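Single-letter residue listing:
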Amino acid sequence: MIRRTTTAASLAAVAALSLTLAACSSSASSDSGSGDAEGEIALGYTATLTGDFASYGLEMREGVDLAVEELNDGGGIDGRQVKIVSADDEGSPANGPVVAQQFCDDTAIAAVLGYSFSSVALSALPVYDSCGLPIVASAVTSPELTGASDVFFRDVFTDAYQGAEMGTHVADGGVEKVAVLYQQDDYGQGVAEAFSTAFEEAGGEVTSSQAYQLGAVDFGTIVNTALADDPEAIFIGGFYTEAAKIATQLRSSGSELPIYGTDGAVSPDLVSLGGDAVEGMTVYSAFSAAAGTDASSAFIDAFTAKFDKEPSSWAALAYDATMVVAEAITEAGSTDRAAVAEALASIDGFGGVTGDITFDDGGDRLGELIFLQVDGGEFVAAAE
Amino acid sequence: MIVKSSWALPRLTRLAIPAVLALVAVLLPFILPGDRWVRVAALALIYIALASGLNILVGLTGLLDLGFIAFFIVGAYTTAILTVQLFVNQLGFDPDTLWWLFPVSLVGALVLAGIAGCILGYPTLRARGDYLAIMTLAFGEIVRLVSINWIGLTGGSVGIRGIPPFAIGDLELTSPSANYYVVLAMVVVILVALAGVVASPVGRAWVAIREDELVASSMGIRTRRYKLLAYVCGASIAGVTGVFFAHMQQFINPDSFTLEDNFIVLSLVILGGAGTFWGPVVGATLWIFFQAIARDWTIVQEHPEFRTGFLALIVVVLMIVRPGGIVSRKLKLTRSGGDVERPEPRTAPAGLEPDPIEAGAPVLVVDTVGRTFGGLTALGSVSFEVRRGEILGLMGPNGAGKSTLLNVLSGVTKPSRGSITFRGDRIDGLDSDRVSVKGVARTFQTVRLFWQMTVLENLLVGAHERLRGWVPAFALRLPRHRHDEARALTEAGSVLEFAGVWDERTRRASALSYDSQRRVEIARALMTRPKLLLLDEPAAGMNESETKALASLITAIRDSGTDVVLIEHDMDLLMSVSDRIVVLDHGEVIATGTPDEVRRNPAVLEAYLGSDA
């Protein structure tokens, strides 16, 4: 008797599950119906939307929502309204292929936006390759993603690219000898290497290169070692907490050398921790409210009006990614995935709120960083 | 012949559930509405395998493991490092031609994960509860941190990309359905093998350890070895699953294996029903599918955090409604159904040659045995002997040291001094499982059965020593073991008939009457084919007629060739069945002799009645 009932129960559970799935399938097919030919254009959006690392995903979503709203207010893309199909990847690479397959299956989807984690994107790429669905990601910076797939693009700069840009920028500023300090992890190591290589290629000399641990407190020794070789500037490849402490140490040892940092140091906390010591420090960022271009100030106004807060750089990048995709669909003249991917590859100098956007052969973004300087406790666009 | 025909029918009905599930599993890619759901199903299969592996530890053996994902990591990285780092990057092979490497990776992962299981299992054998939990958690983190920080080998946080997909020759199995079927094949093999191991002496030993470790060891089970084996088996399953996962994803990095995953897999086991066979399967399937389904809900599209919240709520409600998990179907610990016809009662320990020791010669010699606990002397210096063919009564007032003596004799506690010789071999210092294997069985003062098992399964645990074997042989269900098991089952039937509880054979131990529990416990001890049986107050709690019936059972045990040491408070019983009696008081033997002699011994009277002296 007990056996009977458990059998029945398990069969019932299986039946219930199939019914639920069938219900899903019908709703999914109605989705794809609405997106057909002259209907809506759907864009997939996936990122980590729950858990400890949800903030990137939620901020990106705000940028995407603003872009979609503006597109639709302006008559959509080629007269077709745009809608977003969103999926939470939970930051788990195991979900990467599942979400990718969901977007692949939905024929209304022309391109995919988002991605908080490189590992999730990497695990999803084989699936996107198989269905040719293009992706324009906004927050993943792993070097592994460079050239990983023909349909993968990103409008966020890689750490290596940004480090190299900084190296050239510093050399262009007339500095010939730099002491490098970097945080001992893949971020710090990545930017520092790229910086040093670019700086040396531009004719500069790296007098010393020292690593420090994230969370370190006393920087006396490495600052002294850095100063020992008479550098003309200091480059710090690391986050704001340590950067502020290094700057303080440097100033208290009497040095007035210029300090260069990375996007990891761009935080109001840099100033509150470093105070006068970080005054004049130069850093870079992909986007800043302080950059002051027309496009960016219009975006900032619209964003602030909609969400009642200043946009983060992730929101700005995702906004741009959406606009780039819209541009590519317009160029392609259809939502055919291969055509959209091709159009994305040939995007050239699209004017976004984070500057001009062009993708290189590896799907990485070419473009100019925004250099910022601490002036009176605020980040302002650096004087060229 | 009778044995065979009586199997046929239950076998068919038993196969019904797996057959239906297998059919659904095979047809699933055609039923599911899209490739996305096929990928969800493949992911569910991965979690089914992991949960089933962890269930060996948590559900069957009762060992906590909060770092189980570590074995999954070992498997996934084994194949990634072997295939990509070694064969592609170092030796320059084309990844498309490496399909033959897959079985090598599988074996490698099986071995390495097994070794990892050993390494984790060994130090945790002595730990229990909180300490075990922390230890497994720490081990899991060590493996994870190694995978993050040994950059040269594992690619660090970047991970390893370009792991070739499943393939046979030139045929790449990359489509969602192909992936699904490959992983399904793995899960079927794992479940079939697991079912074989569970319904074998190994599975019964695991459950016996979970139910009552001390009793398990008194049945001749080397409990530490079996706990280690549970770790190795669970780890191997996770390792193999890791290999499939890596090739399915074609990319792995530490983000795939977070601390949280340990808790998720553990939750799946508990949600589905820990210690059941289908629980982990049901738990993993429902969880993964509902998670994916919830993603499509409009409310979740707008507010992603609702999904996690809602799923958490379902778990909480489910745990309140069904605390034992969704599946409550009892684990099958033997695949044989047992004879239907009433057997002949056991007459003599079956299959033994005639005893070389003559009646009346000493079989157990206890020589000046003492045992102290800290400053307390439980046994001073006890000497006596048990002779072939007798029931030796052991009596003494409360606190005289009777139970300590029994524990010392059965290897539960080691004597502080003195020697115990059983049939020419020293048995003091042996663990209780070895004492059992030497031929000394025991029962306990309060009945200690494996409550979740049926009566027959309880008895089969008693036959552990002669049924045990190599795990792969049980996983493969070799006919030899099936034959042995059928024979043991027949023996169990006749022992039960002998003990007068044959009618109870298919009932769960916890459902028995008190009298039957006592008798089953004795029957289970007899299943070890003991030459000496130690009975610790078997009549406690019995009424007069039950006690009388017990007396004739004890006599019958002696007459069938097993010597008996009987501790009993019931003087009538003790005096009526004992051939000789040893009287203990304050940890010393104060009298030895026939019941009549003891009854008249002034020292005994003084001990029992007190003296004005």
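Keep in mind that what you see is a predicted model, and the values were worked out from it rather than measured.

> Before we go on, may I ask you to explain the interface of chain A and chain B in this structure?
How big an interface is tends to be reported as the loss of accessible area on association of its parts. Taken together, the 39 residues of chain A in the interface contact 38 residues of chain B. Contact between chain A and chain B buries roughly 3500 Å² in total, counting both sides, with carbon and sulfur atoms accounting for 62%. Taken together, the links from chain A to chain B amount to 1 salt bridge. Across the contact surface, chain A and chain B share 7 residue pairs in polar contact (both at pLDDT 80 or more). Contributing elements (two or more residues each) for the side of chain A that touches chain B: helix 1 (2-34), helix 2 (54-73), strand 2 (82-88), helix 3 (96-105) and helix 4 (118-131) of chain A. For the side of chain A that touches chain B, the element with the most residues is helix 1 of chain A, which contributes 10 residues. Residues belonging to the side of chain A that touches chain B are distributed by class as follows: 20 nonpolar, 12 polar and 7 charged.

> What is the right way to read the sheet that holds strand 9 (residues 425-426) of chain B from this model?
By way of backbone hydrogen bonds, the strands of a sheet pair with one another, either parallel or antiparallel. Residue and element names in this part refer to chain B. Strand order in the open sheet formed by 4 strands is 6-5-8-9, with antiparallel pairing between adjacent strands. Both edges of this open sheet fall to strand 6 (376-387) and strand 9, since each of them pairs with a single strand only. In this structure, strand 8 (residues 417-422) lies alongside strand 9, joined through 2 bridges in antiparallel fashion. Bridged to Phe 422 within strand 9 is Asp 425. Across the face of the sheet, helix 15 (residues 402-409) comes into contact with strand 5 (362-373), strand 6 and strand 8 while running at roughly 65 degrees to strand 6.

> Mind showing me how you'd approach the state of the cysteines here?
When the sulfur atoms of two cysteines share a covalent bond, that bond is a disulfide. For the coordinates displayed, the defined rule picks out 1 disulfide over all chains. Here Cys 104 of chain A is linked by a disulfide to Cys 131 of chain A, with a sulfur-sulfur distance of 1.9 Å. Measuring handedness by torsion sign, the sulfur bridge of Cys 104 of chain A and Cys 131 of chain A sits at about -55 degrees and is left-handed. Taken together, the residues span a long stretch of sequence, with Cys 104 of chain A in helix 3 and Cys 131 of chain A in helix 4 at a distance of 27 residues. For Cys 131 of chain A, a relative accessible area of 23% translates into the label partly exposed. With no disulfide of its own, Cys 118 of chain B lies 10 Å from the sulfur of Cys 233 of chain B, the closest cysteine sulfur. Relative accessible area serves as the criterion here: at 14%, Cys 233 of chain B is assigned to the buried category.

> I tried to follow the nonpolar core on my own but got confused; where do I start?
For soluble globular proteins, the rule of thumb is that nonpolar side chains tend to be buried together. Residues and elements named next belong to chain B. In terms of nonpolar packing, the biggest core is built from 115 residues, with Tyr 180, Trp 206, Ile 252 and Phe 257 touching the most fellow members. Ranked by residues supplied to this core, first place goes to helix 2 (residues 35-61) with 19 residues. Both domain 1 (38-270 + 278-321) and domain 2 (362-609) contribute no fewer than three residues apiece to this core. Contact partners of Tyr 180, with chain neighbours within four places excluded, come to Ala 25, Leu 28, Pro 29, Val 38, Ala 41, Ala 42 and Leu 45. Leu 459, Val 501, Leu 550 and Val 564 belong to the second largest nonpolar core, which has 48 residues in total.

Calculation criteria
Residues numbered from 1 in each chain as written. Chains lettered and ligands numbered in written order. Predicted model: local features only at pLDDT ≥ 70, side-chain atom pairs only at ≥ 80, totals over all residues. Heavy atoms only, no water. Contact = heavy atoms within 4.5 Å. Buried area = accessible area lost by both parts, 1.4 Å probe. Salt bridge = Lys/Arg side-chain N within 4 Å of Asp/Glu carboxyl O. Polar contact = N/O pair within 3.5 Å; in protein donor to acceptor, adjacent residues only side chain to side chain. Helix = DSSP H or I, 4+ residues; strand = E, 2+ residues; numbered from the N terminus. Nonpolar A, V, L, I, M, F, W, Y, C, P; charged D, E, K, R; others polar. Pairing = 2+ DSSP bridges. Axes fitted to C-alpha atoms, helices over the stretch in contact; angles between N-to-C directions. Disulfide = S-S within 2.5 Å. Buried < 20%, exposed > 50% of the residue type's maximum accessible area, 1.4 Å probe, protein only. Core = buried A, V, L, I, M, F, W, Y, C linked by side-chain atoms within 4.5 Å. Domains from an automatic or database assignment.

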